[in-house]
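In case you want the letters, here they are:
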Amino acid sequence: MSSDDTATAPRLRVFAETVDDVRLCRPDVLGALRERGLQLVLADRCESHGPRAVIDAAREAGVSVALWPMLDDARGRWASSANATALARFARDRLDGLAAVGALPDELCLDLEPPLPRMRKALDTGVVLGERCTDISESLQDREGSLRESGFVEQTPQQFRR
C-alpha cells in the first residue's frame, strides 16, 4: 500500500450513540479500543454538556476520536436534508468551542439518515420513506474551507468500497 493509500484507507470505527461519557472514559474501555486499533465515533447531542471529557480521555489513552454531531430528536437527530442548516450550525459552533480549548477531534462524522420522526413513522407503519437523498455538503460549503484548515478531510463512500 502506498503512502497515498494509507492516508485515505478506511479505519475501523466503533459508533457510540447512547453510551454515557463515564463509561466511555473508563481505562478498560479506551484500552480495548486502542488495543484493537478502533476509532471512537462519539455522538455529540446538542443537549449534552459537550464532548471534551471524552476527547481528552481518549487522547490520553491513544485512541482516535471522531465527533458525530446530532440534534435533538424533534429536529431529526441525524443529518438530513430537513435539518442540514441547523446541524451545520451546531457542528461548527461545537468545533469552534473545542478548537478554542485545544480539543478538536481527529475527524467529523456525519450520518445521513431520514429525520427521526419520519424514521419512527416508517418503522411503525412499514411505509417506505420515499425521501430523496440530498447531499448535506451543500449546506456545509461555506464551512468547508475552515474544516479543511482545521485538518478535517472529506471521505466519500467510494473510498470505503475497496
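For the structure itself, look to the data block above.
Here the structure is a predicted model, which is why all the values come from computation and not from measurement.

Trainee: Honestly, helix α5 (residues 84–100) in this entry has me stumped. Any pointers?
Mentor: Think of an α-helix as turning once every 3.6 residues; residues three or four places apart then point the same way. Relative to the 24 Å expected for 17 residues at 1.5 Å per residue, α5 spans 24 Å between its end C-alpha atoms, a close match to the ideal helical length. Along α5, the positions that sit buried rather than exposed are Ala84, Ala86, Leu87, Ala88, Phe90, Ala91, Arg92, Arg94, Leu95 and Leu98. Once α5 finishes, Gly102 follows within two positions and takes phi at roughly 70 degrees, a positive value.

Trainee: Help me understand the packing of aromatic side chains, please; the structure alone is not making it clear to me.
Mentor: Two measures describe an aromatic ring pair: the distance that separates the ring centres and the angle between the ring planes. Tallied over the entire structure, the rule returns one aromatic pair. With a centroid separation of 5.2 Å and an interplanar angle of 90 degrees, the aromatic rings of Phe15 and Trp68 are classed as edge-to-face. Of the two residues, Phe15 sits in strand β1 (residues 13–16) while Trp68 sits in strand β3 (residues 65–70), which places them 53 residues apart along the sequence. According to the relative accessible area criterion, Phe15 is partly exposed, its value standing at 45%.

Trainee: For this particular structure, what's the right way to read the sheet that holds β1?
Mentor: The pairing of strands in a sheet happens through backbone hydrogen bonds and is either parallel or antiparallel. Spatial strand order, β1-β2-β3-β4: four strands in an open sheet with parallel pairing. In this open sheet, the two strands that pair with only one neighbour each are β1 and β4 (107–108).

Trainee: Can you help me understand the nonpolar core in this one?
Mentor: Looking at soluble globular proteins, one finds that nonpolar side chains tend to be buried together. Core analysis: the biggest nonpolar cluster contains 18 residues, and Leu24, Leu30, Leu33, Leu40 and Val63 have the highest contact counts within it. Contributing elements (two or more residues each) for this core: α3 (27–35), β2 (39–45), α4 (52–61), β3 and α5. Leu40 has contacts with Val14, Ala16, Leu24, Leu33, Val54, Val63, Ser64, Val65 and Ala66, leaving out every residue within four places of it along the chain.

Trainee: Is there a simple way to think about the pattern of salt bridges in this case?
Mentor: Close approach of charged atoms allows side chains of opposite charge to pair. Applying the stated criterion to the full structure yields 11 salt bridges. Among the salt bridges present, the one from Asp73 reaches Arg77, with a minimum N-O distance of 2.9 Å. Taking relative accessible area as the criterion, Asp73 reaches 22% and is therefore assigned partly exposed. Under the relative-accessibility criterion, Arg77 is labelled buried at 12%. With its nearest N and O atoms 2.9 Å apart, the salt bridge here joins Asp96 to Arg92. With Asp96 and Arg92 both in helix α5 and four residues apart, the pair spans about one turn of that helix.

Trainee: What am I meant to see in the environment of Asp111 here?
Mentor: Secondary-structure assignment places Asp111 in the loop between β4 and α6 (116–125). What Asp111 contacts, discounting residues up to four positions off in sequence, is Trp68, Trp78 and Ala79.

Trainee: Sorry if this is basic, but what is going on with the pairing of β3 here?
Mentor: For β3, the buried fraction is high: six of the six residues fall into the buried class. Judged by which residues are buried, β3 turns out to be covered on both faces: Val65, Leu67 and Pro69 on one side and Ala66, Trp68 and Met70 on the other are all buried. Pairing of β2 with β3 involves six bridges; the strand directions are parallel. The residue of β3 that forms the bridge with Arg45 is Met70.

Trainee: Help me understand the side chain of Asn83 in this model?
Mentor: Within the secondary structure layout, Asn83 lies in the loop between β3 and α5. Residue classification places Asn83 among the buried residues on the basis of a relative accessible area of 5%. Only 2.9 Å separates the side chain of Asn83 from the backbone oxygen of Arg75, close enough to count as a polar contact. Among the polar contacts made by the side chain of Asn83, one reaches the main-chain carbonyl oxygen of Trp78 at a distance of 2.9 Å. Once residues within four sequence positions are removed from consideration, Asn83 is found in contact with Leu71, Arg75, Gly76, Arg77 and Trp78.

Cut-off values and rules
Residues numbered from 1 in each chain as written. Predicted model: local features only at pLDDT ≥ 70, side-chain atom pairs only at ≥ 80, totals over all residues. Heavy atoms only, no water. Helix = DSSP H or I, 4+ residues; strand = E, 2+ residues; numbered from the N terminus. Expected span 1.5 Å × (residues − 1). Buried < 20%, exposed > 50% of the residue type's maximum accessible area, 1.4 Å probe, protein only. Phe/Tyr/Trp six-rings, centres within 6.5 Å; stacked < 30°, edge-to-face > 60°. Pairing = 2+ DSSP bridges. Core = buried A, V, L, I, M, F, W, Y, C linked by side-chain atoms within 4.5 Å. Contact = heavy atoms within 4.5 Å. Salt bridge = Lys/Arg side-chain N within 4 Å of Asp/Glu carboxyl O. Polar contact = N/O pair within 3.5 Å; in protein donor to acceptor, adjacent residues only side chain to side chain.

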